[in-house]
Structure formats: C-alpha cells, structure tokens
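Understanding the architecture of this molecule
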Amino acid sequence: MAVLIYHLKIMASMMIVFLILLWTTNLVQPNTPQAAVQVFPPVNFTLTVSALAQVLLHWKPNPNQEQKNYTIRYDVKILSPVPEEYDTKKTHSIRTAALHNGFSAHIRTLLLHNDLLMRSDWVKEKLPPPPGAPETSVTNLSCVTRITISSTVSLHCTWLPGQGTPEDTKYFLFYRYETYTEECQDYIKDKWNRNTECRFSVTQIDPEEVDNLVVIHINGSSKYAAIKPFQQLFNQNAIEKVNVPRNVTVFLEQNDLLATWEKPISPFPKECFEYEFYLFNLKSGNKQILKISSNDFRLRIDVTSRYSIQIRANHHICCTRGFWSDWSEVIYVGQNKLENPVAWILAVLCVFTCCTFLLVAIICKIVLQKRPRPF
C-alpha cells in the first residue's frame, strides 16, 4: 500500500511539472520577434544618367525599418531595356545599358532573421526615352577595331541614316570606354552631305583588357525634327579585326608541305589564337580550308602539283572571338608535272602528227587552187 502511494505522488509531481512547462510555452509564444516584424520598402529611389549608357540607381533605407539583429539587403529588378535581377547590401548600384528607349527598375527591402526571409513591397522608378521619332535614329550601326604596331587601338564605325530623317540632318558620334568619352572628329559623308562613317586613328581602348564594353552614342540635329539618339554596346574583343599572321614560311620536304608563321600583332600570347589554312591545288582545282591551333603545320601533298597557300587568324581561347583577319599574301610552292613521262611523249607525238596532217592539207589545198583548170 505504501508503495502504491509513493508512485502516485511521483506521477502527480510529473504532471505538475508538465503543466508548468506548457503554461510557460504559451506565455512566451505570442511575444516572438518574428510575429512583430514589419518590412518597409526603401525611400528616395532615384535613377540618374551618370555617363553615356550608364545609370546610377540610388536609394535610402526606410527610417521606420527596425535594424536590430536583422540582415537587410535589397532586391533590384531591372525591367528594361534588358531584364536583370540581383540583390545587394549597398544603397546604390551602377548599370550599363543602351538608354535610347528609356530605363525602368524596381527595388524592395529583403530582411533575414532566424532563417526567415521577408520582403517589402516594390518601389518603382523609370527614365523616359529621349525625344525624337524612332525612324530618325541611325540604323545598321557596325564598328571595327584594330590593334596597331604601336599597340594602340583604332576604331571605325559606319551607319545608315534613319528612314524618317530630314535631308538637313547632321549626325554626331561619341564613344565611351570605362570613364573616358570622346567625340568623333573625322567623318565620312554620303552624297547628301550627311555623316555616315567615323574614324578614330587612336582611342583609349586598352588592347590588353578582356571583354570590356565600348559604348557608341550617335545623336543628331535638324531644323525640321527632333533626332532620336541611338546607343549600342560592343564587346571590345568581339569587334576586333585581328591582324594577319606574320612571317609565313612554306617549303617542301620530300612528299610533305611544311608551313610556319608567327602570331598576329597582339598583346595576347600565341596560345590564344586559331588559324585557317587555305590550300589550293592549281593542277586539280581542289580547295581545302584546314583549322589549326598551332603556329606550324605539316601535310602530305601531291608533289606533282603546284599549290597556292594563304593563312588567316582569330582569337578564341583568351577572350571572345573577333573578326577573322584578312588572308595573308599568296605563297606558291611546287610545280606541275606529268606523272607518266610516256604519256607526255605520246601527247607530244599526237600533237605533232595532227599539226603535220593539218599543214599538208593546207598545202594541198593551196596547190589545187593554183593549178590551171582545163577549158
């Protein structure tokens, strides 16, 4: 009996402890931080054009936002001209984009606490497109760069006037590379005296950089209409016209053709280049274009034929491919020979025989014509 009473007391004590723990949990639960947190959107969100094709996004934290024990970031969504979304701890961001059709973006606050991510509402802002009808903008803009012997970079751009452009329109081109901006001073005009080409013999483009952007901006003026500006972004390596391979040497070694050359003028090492080897058999008319990744080449050929050889280059490993170089000057190697001397002798005899018969026939005809006819 005493044992039974003892066990009942223990069970009663455990029940009391359980009830106390349950009451404590219910008392604390409504006061957790997560239930009381409110996420406010950023304030003073602005978009500012800070350079050609460059926008500064700037905002401030909401003064009503609690800061204690929270990780605060910002979700930025670019809507146009090119959709993009990213997050950042900073209260500013710089984006490079063509702005002739405007720019729009959204931003919101992200709050992280105890592995729970909470988001505010979006804040929206936009830059309107510049004035001017779309058909007054230039079209078909293309640009090419070249690396010179002095390791500077030249730039050449061409374009077509817009279909709705008044005859008195004058276009003006600017390029921007990183923080440097320059206006063109060397234009080529069309037959209506409108600028349609621009040349920079020297630019601030760094030939050693990889995949940096070159911004091209073309605006215009007219007495009769507002000319809409146009902007385009180019990868500096994608518009490079690669230089021609140097010191190309070709020779024969028994039945093999051997070729060697040096990489084009460029700050990139030789491992960055690929080549196309153009081989033309002047005897048979067969053509081959072979892809090569080294600076030398060996190929078994027909030694009875004469060949013409050219090589061109492009970069492909270290950076974005550019425009293929021009072909190198033509180099000739070998000489045409008849493979069978007996066939050559027979051919000569055949030609000689035919010529002899033809000559005899001509002489006979002349003699017969001069012979007096009987009355």
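Keep in mind it's a predicted model, so treat the numbers as computed, not measured. (Residues numbered from 1 in each chain as written. Predicted model: local features only at pLDDT ≥ 70, side-chain atom pairs only at ≥ 80, totals over all residues. Heavy atoms only, no water.)

1. Some points on the confidence of the model for the chain
Filter applied, for reference: What pLDDT reports is the predictor's confidence in each residue, on a scale of 0 through 100. Any two residues whose heavy atoms approach within 4.5 Å are treated as being in contact.
In this model, the chain carries a mean pLDDT of 86, and residues with pLDDT of at least 70 account for 82%. Under a pLDDT of 50 for its full length, residues 1–8 has, in the predicted model, zero contacts with residues more than four places off or in other chains.

2. Topic: the packing of aromatic side chains
Which entries qualify depends on this criterion: Only the six-membered ring of Trp is used, alongside the rings of Phe and Tyr, when aromatic pairs are assigned; centres must lie within 6.5 Å, and planes under 30 degrees apart are stacked while those over 60 apart are edge-to-face, with the rest tilted. Partly exposed residues are those whose accessible area sits between 20% and 50% of the maximum for their type, while under 20% is buried and over 50% is exposed, using a 1.4 Å probe and protein chains only. Note on conventions: DSSP H or I runs of at least 4 residues are helices, E runs of at least 2 residues are strands, and numbering of each starts at the N terminus. To sit over a ring, a charge needs its Lys NZ or Arg CZ within 6 Å of the ring centre and within 35 degrees of the ring normal.
Tallying each qualifying case throughout the model produces eight aromatic pairs. Plain terms: the ring middles of Y175 and Y180 are 6.1 Å apart, the flat faces sit at 50° to each other, and that makes the pair tilted. The class of Y175 is buried, set by a relative accessible area of 0%. Seen from their ring centres, Y175 and F200 are 5.0 Å apart, and the 75° between their planes marks the pair as edge-to-face. Of this pair, Y175 sits in strand β11 (residues 170–177) while F200 is found in strand β14 (residues 195–200), placing the two residues 25 residues apart along the sequence. Here the guanidinium or amino end of R95 rests over the ring plane of Y86, the centre of that ring lying 4.3 Å away.

3. Side note on the sheet that holds strand β17 (residues 246–253)
Spelled out, the test is: Whether two strands pair comes down to DSSP finding at least two bridges between them. To get an axis, a line is fitted to the C-alpha atoms, and for a helix only the part in contact is used. The angle between two axes follows their N-to-C directions and goes from 0 to 180 degrees.
Spatial ordering of the open sheet is given by β17-β18-β21, a layout of three strands whose pairing is antiparallel. Single-partner strands in this sheet number two, and they are β17 and β21 (296–300). For this sheet, the mean angle separating the axes of adjacent strands, direction not counted, is 15°.

4. Section: the state of the cysteines
The condition is simple: Pairs of cysteine sulfur atoms within 2.5 Å are what we label disulfides.
With the rule as written, the count across this model stands at three disulfides. The residue that forms a disulfide with C143 is C157, at a sulfur-sulfur distance of 2.1 Å. On the sign convention where negative is left-handed, the bridge of C143 and C157, at about 110° about the S-S bond, is right-handed. With a gap of 14 residues between them, C143 in strand β9 (residues 139–147) and C157 in strand β10 (residues 153–160) connect regions that are remote in the sequence. Of the two residues, C143 and C157, neither departs from the other in class, the shared state being buried. Numbered by position along the chain, the disulfide-linked cysteines of the chain connect as 1-2, 3-4, 5-6.

5. Thoughts on empty space enclosed by the protein
The gaps left among the atoms become clear once a water-sized probe is rolled over them. How we decide: Method remark: on a 1 Å grid restricted to protein atoms, a set of points is classed as a cavity if a 1.4 Å probe fits but cannot get out and as a pocket if it is open with protein on both sides within 12 Å along at least five of seven lines; lining residues have an atom within 4 Å of a point. Grid points are joined across faces, edges and corners, and a volume is the space filled by probe spheres set on the points. For this scheme, ten residues count as nonpolar: Ala, Val, Leu, Ile, Met, Phe, Trp, Tyr, Cys and Pro. Four count as charged, namely Asp, Glu, Lys and Arg, and the remainder, Gly too, count as polar.
Inspection of the entire model under this criterion finds one cavity of 30 Å³ or more. As a volume, the largest cavity reaches approximately 60 Å³. Lining of the largest cavity is provided by T145, I147, V153, I205, P207, Q236, N237 and E240. Along the lines of polarity and charge, the residues of the lining of the largest cavity split into four nonpolar, three polar and one charged.

6. A word on the sheet that holds β14
Ordered by their spatial adjacency, four strands build an open sheet running β9-β10-β14-β13, and the pairing between neighbours is antiparallel. The open sheet has two edge strands, β9 and β13 (187–189), and neither has a second partner. The mean angle between the axes of side-by-side strands here comes to 15°, regardless of whether they run parallel or antiparallel. As paired strands, β9 and β10 are joined by seven bridges and run antiparallel to one another. The partner of S142 across the bridge, within β10, is T158.

7. Overview of the pairing of strand β19 (residues 273–281)
Of all nine residues in β19, eight are buried, a share of seventy percent or more. As paired elements, β19 and strand β20 (residues 287–292) share six bridges and run antiparallel to each other. Looking at the pairing, F277 lines up with L290 of β20. Once β19 ends, the chain turns through five residues before running back antiparallel as β20, passing G285 with a positive phi of about 85°.

8. Thoughts on a nonpolar patch on the surface
The test is simple: By definition, no residue in a patch forms a salt bridge, and every one has over 30% relative accessible area; like charges are joined within 9 Å, nonpolar side chains (Val, Leu, Ile, Met, Phe, Trp, Tyr) within 5 Å. Here, Shrake-Rupley sampling with a 1.4 Å probe gives the accessible areas, and only protein chains in the shown set may cover a residue. By definition here, a salt bridge exists when the distance from a side-chain nitrogen of Lys or Arg to a carboxyl oxygen of Asp or Glu is within 4 Å.
On the surface, a nonpolar cluster with roughly 260 Å² of combined accessible area is contributed by L282, V330 and Y332. Structurally, V330 is set in the loop between β22 (307–315) and β23 (331–333).

9. What about the side chain of N237?
Put simply, the rule reads: The term polar contact refers here to a pair of N or O atoms within 3.5 Å; inside protein, the definition further demands a hydrogen-donor-capable atom paired with an acceptor-capable atom, and it admits residues adjacent in sequence only when both atoms are side-chain atoms.
Within the secondary structure layout, N237 lies in the loop between β16 (230–235) and β17. Classification of N237 as buried rests on a relative accessible area of 1%. A polar side-chain atom of N237 sits 2.5 Å from the main-chain amide nitrogen of D211. The contact partners of N237, leaving out residues within four places of it in the chain, are E209, V210, D211, F268, H315, C319, T320, R321 and G322.

10. Brief notes about unusual backbone geometry
Looking along the chain, the bond that leaves S80 and enters P81 is cis, with omega of 10°. Relative to the helices and strands, P81 resides in the loop between β3 (71–80) and β4 (84–88). Within the chain, N140 stands out as a residue other than glycine whose phi angle is a positive 55°. Secondary-structure assignment places N140 in strand β9. With a phi close to 70°, S151 is a non-glycine residue in the positive phi region. As for its placement among the helices and strands, S151 is situated in the loop between β9 and β10.

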